[in-house]
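The chain contents come next:
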Amino acid sequence: MADHDSRERFLALSEAVIGAFALIASLLEALPVPVIIPDIVRVAEDHGDPKDALLALNRVRAVVEDEPISEFHKRAWEHMLLDWFAAYETLTLVQLAGPAPWRLDVAEFALNRLVTWAEVIENDEEPDDSQS
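A. Seen up close, helix 5 (residues 101–122). In this model, helix 5 (22 residues) spans 31 Å end to end at C-alpha, consistent with the 32 Å of a helix rising 1.5 Å per residue. Considered for burial, the residues of helix 5 that qualify are Arg103, Leu104, Ala107, Ala110, Leu111, Leu114, Ala118, Val120 and Ile121. Of the residues flanking the end of helix 5, it is aspartate 124, one or two places downstream, whose phi is positive at about 55 degrees.

Now the structure itself:
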């Protein structure tokens, strides 16, 4: 039973990682200087190398630094992208080494942080100095 629950959780987290990639892609297109990255699902379906999509997403980390956005939003982008990579890499490890509960927890935690950063970016929020 525990194996079935772990498998279901792994599949749900894997879908969430793909969904998060699509969310990131749409947020990139909304930047002042739009950025387009390959669709990771389409790359896989076309029998391409998913590494191409991963490398493109990694290059975005440098590209965002040149965007005409606040330093706060640049850091939000950096954190969101690193959280995506943390979730993706952890789920890759689950495939190789098994679904230890902490691995699934790490992936879920990273995805939750990613969603928070995405909301900050999407809503164009910045901390209010009076709230610090």
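Now that the structure is up, let's keep going.
B. Expanded view of the layout of surface pockets. Roughly 260 Å³ of volume is contained in the largest pocket. If you go around the largest pocket, the residues you meet are Phe10, Ser14, Val17, Ile18, Ile40, Val41, Ala44, Pro50, Tyr88, Leu91, Thr92 and Gln95. Secondary structure elements with two or more residues in the lining of the largest pocket: helix 1 (2–29), helix 2 (40–45) and helix 4 (71–97). For the lining of the largest pocket, the per-class residue count stands at nine nonpolar, three polar and no charged.

C. Quick look at a negative patch on the surface. On the surface, Glu119, Glu122, Asp124, Glu125 and Glu126 cluster together into a negatively charged patch. Topologically, glutamate 125 is positioned in the segment after helix 5. Overall, the relative accessible area of 39% leaves glutamate 125 in the partly exposed class.

D. A look at the packing of helix 4 against helix 5. Contact geometry for helix 4 and helix 5: axes closest at 8 Å, N-to-C directions at 155 degrees. Taken as axis vectors, helix 4 and helix 5 run roughly antiparallel relative to one another. The chirality of how helix 4 crosses helix 5 is left-handed. Taken together, the residues that form the contact of helix 4 with helix 5 break down as 21 nonpolar, three polar and three charged.

E. Quick peek at the packing of helix 3 (residues 50–65) against helix 4. The N-to-C vectors of helix 3 and helix 4 enclose an angle of 165 degrees; their axes lie 9 Å apart at closest approach. The orientation of helix 3 relative to helix 4 falls into the category roughly antiparallel. Crossing angle aside, the handedness with which helix 3 passes helix 4 is left-handed. Along the contact surface, helix 3 presents Leu54, Leu57, Asn58, Val60, Arg61, Val64 and Glu65, while helix 4 presents Lys74, Arg75, Trp77, Glu78, Leu81, Leu82, Trp84, Phe85 and Tyr88.

F. Broad picture of the nonpolar core. Grouped together as the largest cluster of nonpolar side chains are 35 residues, with contacts concentrated most on Ile24, Leu28, Ile37, Leu57, Trp77, Met80 and Trp84. Residue assignment for this core shows that the elements contributing at least two residues are helix 1, helix 3, helix 4 and helix 5. When sequence neighbours within four positions are dropped, the list of residues in contact with tryptophan 77 reads Ile24, Leu27, Leu28, Leu31, Val64, Ile69 and Ile121.

Reading guide: rules and limits
- Residues numbered from 1 in each chain as written.
- Predicted model: local features only at pLDDT ≥ 70, side-chain atom pairs only at ≥ 80, totals over all residues.
- Heavy atoms only, no water.
- Helix = DSSP H or I, 4+ residues; strand = E, 2+ residues; numbered from the N terminus.
- Expected span 1.5 Å × (residues − 1).
- Buried < 20%, exposed > 50% of the residue type's maximum accessible area, 1.4 Å probe, protein only.
- 1 Å grid on protein atoms, 1.4 Å probe; cavity = no way out; pocket = protein on both sides within 12 Å on 5 of 7 lines; lining within 4 Å.
- Points joined across faces, edges and corners; volume = space filled by probe spheres on them.
- Nonpolar A, V, L, I, M, F, W, Y, C, P; charged D, E, K, R; others polar.
- Patch = residues over 30% accessible without salt bridge, like charges linked within 9 Å, V, L, I, M, F, W, Y side chains within 5 Å.
- Areas by Shrake-Rupley, 256 points an atom, 1.4 Å probe, with all protein chains shown as cover.
- Salt bridge = Lys/Arg side-chain N within 4 Å of Asp/Glu carboxyl O.
- Lys, Arg positive; Asp, Glu negative; His and termini not counted.
- Charge placed at Lys NZ, Arg CZ, Asp CG, Glu CD.
- Axes fitted to C-alpha atoms, helices over the stretch in contact; angles between N-to-C directions.
- Parallel < 35°, antiparallel > 145°, perpendicular 65-115°, else oblique.
- Left-handed = near helix turned anticlockwise from the far one by under 90°.
- Contact = heavy atoms within 4.5 Å.
- Core = buried A, V, L, I, M, F, W, Y, C linked by side-chain atoms within 4.5 Å.

Worth remembering: the numbers are spatial, not functional.
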